[in-house]
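Structure at a glance
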Amino acid sequence: MSARQLEAFCGHWPGVTRDIKWETKLVLSVGGKMFAMTPADGSDGGRLSCKVDDARFLELTDQPGIMPAPYLARAGWISIIEPSRFATTELQDLIRDAYLLVRARLTKKVQAELALLPTDKATKS
């Protein structure tokens, strides 16, 4: 999944902002908290990193093509170093889960200011 595809998939979700950090990383955040990132220039094999639920961290990092995200693993991030091994729908599910996980941890006030959560129909287009 390229940076352009990532933005097209979730860039319109409520509260999502886009930023370039660490010179080349496209970072998507909700409520100022990061939930996904990828190289903006497509380098690094199109590596995709995202937040995952703590209960799934070991399960996911045991799979070929996924490893703990450098510098962010302690915060429950994975790095999909071989995104071509996975179906687009699998990657989209991980990104959607990351968004929902981070959004759920925002303050109640910030959550209330955001529009309704994206539905499966809206996000799978």
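Residues numbered from 1 in each chain as written. Predicted model: local features only at pLDDT ≥ 70, side-chain atom pairs only at ≥ 80, totals over all residues. Heavy atoms only, no water.

Concerning the overall build of the protein chain
Of regular secondary structure, the protein chain possesses five helices and six strands. Mapped from its N terminus to its C terminus, the protein chain presents α and β elements in the order α-β-β-β-β-α-β-β-α-α-α. Per-residue burial for the protein chain yields a buried fraction of 42% across its 125 residues. A separation of at least 24 residues holds for 44% of the contacts in the protein chain among residues at least 6 apart in sequence. Carbon together with sulfur atoms contributes 54% to the accessible area of the protein chain, which is approximately 7100 Å² in total. Each charge class in the protein chain can be summarised by its mean position, and for the 17 positive and 15 negative side chains these summaries are 5 Å apart. (Helix = DSSP H or I, 4+ residues; strand = E, 2+ residues; numbered from the N terminus. Buried < 20%, exposed > 50% of the residue type's maximum accessible area, 1.4 Å probe, protein only. Contact = heavy atoms within 4.5 Å. Areas by Shrake-Rupley, 256 points an atom, 1.4 Å probe, with all protein chains shown as cover. Lys, Arg positive; Asp, Glu negative; His and termini not counted. Charge placed at Lys NZ, Arg CZ, Asp CG, Glu CD.)

Some thoughts on the layout of surface pockets
Of the voids in this model, the largest pocket is the one considered here, and its volume is about 240 Å³. Ranked by residues supplied to the lining of the largest pocket, first place goes to strand β3 (residues 33–39) with three residues. A class-by-class count of the residues in the lining of the largest pocket yields seven nonpolar, three polar and three charged. Considering only enclosed or pocket space, the second largest pocket measures out at about 160 Å³ in volume. Elements with a contribution of two residues or more to the lining of the second largest pocket: β3 and α3 (88–104). Looking at the lining of the second largest pocket residue by residue, the class counts come to six nonpolar, no polar and three charged. (1 Å grid on protein atoms, 1.4 Å probe; cavity = no way out; pocket = protein on both sides within 12 Å on 5 of 7 lines; lining within 4 Å. Points joined across faces, edges and corners; volume = space filled by probe spheres on them. Nonpolar A, V, L, I, M, F, W, Y, C, P; charged D, E, K, R; others polar.)

Remarks on the nonpolar core
Judged by nonpolar contacts, the single largest core of 27 residues is most densely connected at Cys10, Phe35, Ile78, Ile80 and Ile95. Sorting the residues of this core by element identifies α1 (3–10), β2 (25–30), β3, β4 (48–51), α2 (54–61), β6 (77–80) and α3 as the ones contributing at least two each. Counting residues per element, this core draws most heavily on α3, which supplies six residues. (Core = buried A, V, L, I, M, F, W, Y, C linked by side-chain atoms within 4.5 Å.)

Section: the environment of Val102
The topology assignment puts Val102 in helix α3. What makes Val102 buried here is its relative accessible area of 7%. In this structure, the C-alpha to C-alpha distance between Val102 and Gly32, residues 70 residues apart in sequence, is 9.8 Å. With residues up to four places along the chain from it excluded, the contact list for Val102 reads Val30, Lys33, Met34, Phe35 and Lys51.

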